[in-house]
Protein chains: 2
Amino acid sequence: MEAKEILKQHVRKTAILSDEQFEYFFSHFKPKSFKKGQVLISEGEKVDQEFFVISGCLKAFFINDQIKMYILQFAMPTWWTSDYGALYNQSKATIGVDCITDAEVLCLSNQDREKLCNELHQVEHFFRWRTNKGYLASQKRLLSFMNNDTKARYEELLAMYPQLYNLVPKHLIASYLGVSRETLSRLYNNHK
Amino acid sequence: MEAKEILKQHVRKTAILSDEQFEYFFSHFKPKSFKKGQVLISEGEKVDQEFFVISGCLKAFFINDQIKMYILQFAMPTWWTSDYGALYNQSKATIGVDCITDAEVLCLSNQDREKLCNELHQVEHFFRWRTNKGYLASQKRLLSFMNNDTKARYEELLAMYPQLYNLVPKHLIASYLGVSRETLSRLYNNHK
DNA sequence: TGGATTACGTGATCTAGATCACAATCGTAA
DNA sequence: TTACGATTGTGATCTAGATCACGTAATCCA
């Protein structure tokens, strides 16, 4: 399926847009292709876009003291990603985004999103729900962090996204779980 | 300042509403007073409201296996709280909300929020931004969890909300930080 | 094709924080 | 005022996971 159709189906789950309205909405997105390893947002630079993933897998991550990396999100098809803190506050990126695999995305500028939200009530409605879902997911992950040990969080992750196991290197999964790669390695090799 | 004025100033930070529109908006809120310890949402029951805090301090918490409590949020004046997962999915509460101190709140039903969002574009805009701020705060807290040790998180919390130290019992602060009360106690009594 | 970089496994050691146990103090309701 | 529950402090012990160290397999790329 082509990018436009994927976005259309995604948006129409929560917003009512006529074909004309959707065409107008879609006209603000720029399709782009990236190779594995390419960078979409690099820390310290200006952020003015967010990304809707059509294919492939991106990661959004934070690096502490140039040393440890923590993955905030694996962005899969129909997911949105960016450094939203920097995007909304017009500040420099503290979160990086790059490609784990080759990927196609649709880019939307901050300015265009706000313009569209303002022009079309249903677009504002859509983005309210999208953010809402993100908020609930984030809260759930926070609880999981406090509640569960690494093994439980690992199993939870793989139950939710089985593709990840073969798609992304293990040390990235460790970064998502917030543990060292050694601990993760011992975990799934069953050194109980 | 009275409740209506507090809500008005809060909403007008992000939404443009005429006095008439605000009056209409406000007419959907029910003011309520609670005593310390009173319960606003109890786990397992139906949730159909969210709360805007006028005065006092609430907590939103999750209890694991009837044993450990984790605090998701201390809700202070001008903050919103509820079990949003249950609220939006029309399911039973998994998160509880009760009063740490005597409190006054404004109650808004899920149905009325959606009605208002639908009727007034600016109300939808307001709630999009509110959720956005919540999402960013939640993401920040998640990062802090992965990045920082307990001492750093404790200092971060007190730097942000100095009132908490005298307002809420220490074991609740421990529950927010996700550590045992003993560890927290040793922390601020400087058993390095 | 071969050399280098990245990914992964695993042993040894160390540490933050959990857990258990007990005592002291503070509030608040009767 | 009394008494009981809630709150807090602190010692002793235990454990999940970090860190360090090293070796091997896989992958990339000129």
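Residues numbered from 1 in each chain as written. Chains lettered and ligands numbered in written order. Predicted model: local features only at pLDDT ≥ 70, side-chain atom pairs only at ≥ 80, totals over all residues. Heavy atoms only, no water.

## Looking at the sheet that holds strand β2 (residues 39–41) of chain B
One open sheet accounts for four strands, arranged β2-β7-β4-β5 (chain B); its pairing is antiparallel. Only two strands of the sheet have a single neighbouring strand rather than two, namely β2 and β5 (68–75) of chain B. With strand direction ignored, the average angle separating the axes of adjacent strands in the sheet is 30 degrees. Two elements, strand β4 (residues 58–64) of chain B and strand β7 (residues 96–99) of chain B, share four bridges in a ladder whose sense is antiparallel. Note that in β7 of chain B the partner of Lys59 of chain B across the bridge is Asp98 of chain B. The sheet contacts of helix α5 (residues 121–147) of chain A involve β4 and β5 of chain B, and relative to β5 of chain B the element is tilted by about 140 degrees. (Pairing = 2+ DSSP bridges. Helix = DSSP H or I, 4+ residues; strand = E, 2+ residues; numbered from the N terminus. Axes fitted to C-alpha atoms, helices over the stretch in contact; angles between N-to-C directions. Contact = heavy atoms within 4.5 Å.)

## As for the pairing of strand β7 (residues 96–99) of chain A
Residues and elements named next belong to chain A. Burial of the side chains of β7 extends over both faces: Gly96 and Asp98 are buried on one face and Val97 and Cys99 on the other. Here strand β2 (residues 39–41) runs beside β7; their pairing, made up of two bridges, is antiparallel. By the bridge assignment for β7, Val39 is matched with Asp98. (Buried < 20%, exposed > 50% of the residue type's maximum accessible area, 1.4 Å probe, protein only.)

## Observations regarding the interface of chain B and chain A
The interface is formed by 36 residues belonging to chain B together with 36 residues belonging to chain A. The junction of chain B with chain A conceals about 3,500 Å² of combined surface from both sides, 65% of it contributed by carbon and sulfur atoms. Between chain B and chain A we count four salt bridges in total. Of the charged contacts in the structure, one is a salt bridge between Arg128 of chain B and Glu114 of chain A, with a shortest N-O distance of 2.8 Å. Counting only elements with at least two residues in the side of chain B that touches chain A, the list comes to β4, β5, α3 (84–89), α4 (110–119), α5 (121–147) and α8 (170–177) of chain B. In terms of residue count, the dominant contributor to the side of chain B that touches chain A is α5 of chain B (19 residues). Tallied by class, residues from the side of chain B that touches chain A come to 18 nonpolar, 13 polar and five charged. (Buried area = accessible area lost by both parts, 1.4 Å probe. Salt bridge = Lys/Arg side-chain N within 4 Å of Asp/Glu carboxyl O. Nonpolar A, V, L, I, M, F, W, Y, C, P; charged D, E, K, R; others polar.)

## What about unusual backbone geometry?
Residues and elements named next belong to chain A. For Thr78, which is not a glycine, the phi torsion comes out positive at approximately 70 degrees. Tracing the backbone shows Thr78 in the loop between β5 (68–75) and β6 (80–81). Unlike most non-glycine residues, Gln90 shows phi in positive territory, near 55 degrees. With respect to the helices and strands, Gln90 occurs in the loop between α3 (84–89) and β7. Using a relative accessible area of 63% as the deciding quantity, one classes Gln90 as exposed.

## Considering the relation of the copies chain B and chain A
At an RMSD of 0.0 Å, chain B and chain A line up after a rotation of 180 degrees and a shift of 0.0 Å along the axis. Taken together, the rotation and translation describe the operation of a two-fold axis. Both copies share a contact surface, since 100% of the interface residues of chain B are interface residues in chain A too. (Least-squares fit on C-alpha atoms with pLDDT ≥ 70 in both.)

## Here's the deal with the protein's contact with DNA strand C
The full set close to DNA strand C counts 20 residues, and Lys170, Arg181, Arg186 and Tyr188 of chain A together with Thr183 of chain B are the nearest of them. One of the backbone nitrogen or oxygen atoms of Lys170 of chain A is found 2.7 Å away from a phosphate oxygen of DNA strand C. For DNA strand C, a phosphate oxygen lies 2.9 Å from a polar atom in the side chain of Ser180 of chain B. Considering each element in turn, the surface near DNA strand C owes the most residues, five residues, to helix α9 (residues 181–188) of chain A. Of the residues contributing to the surface near DNA strand C, the split by class is three nonpolar, eight polar and nine charged. (Near = heavy atom within 4 Å. Polar contact = N/O pair within 3.5 Å; in protein donor to acceptor, adjacent residues only side chain to side chain.)

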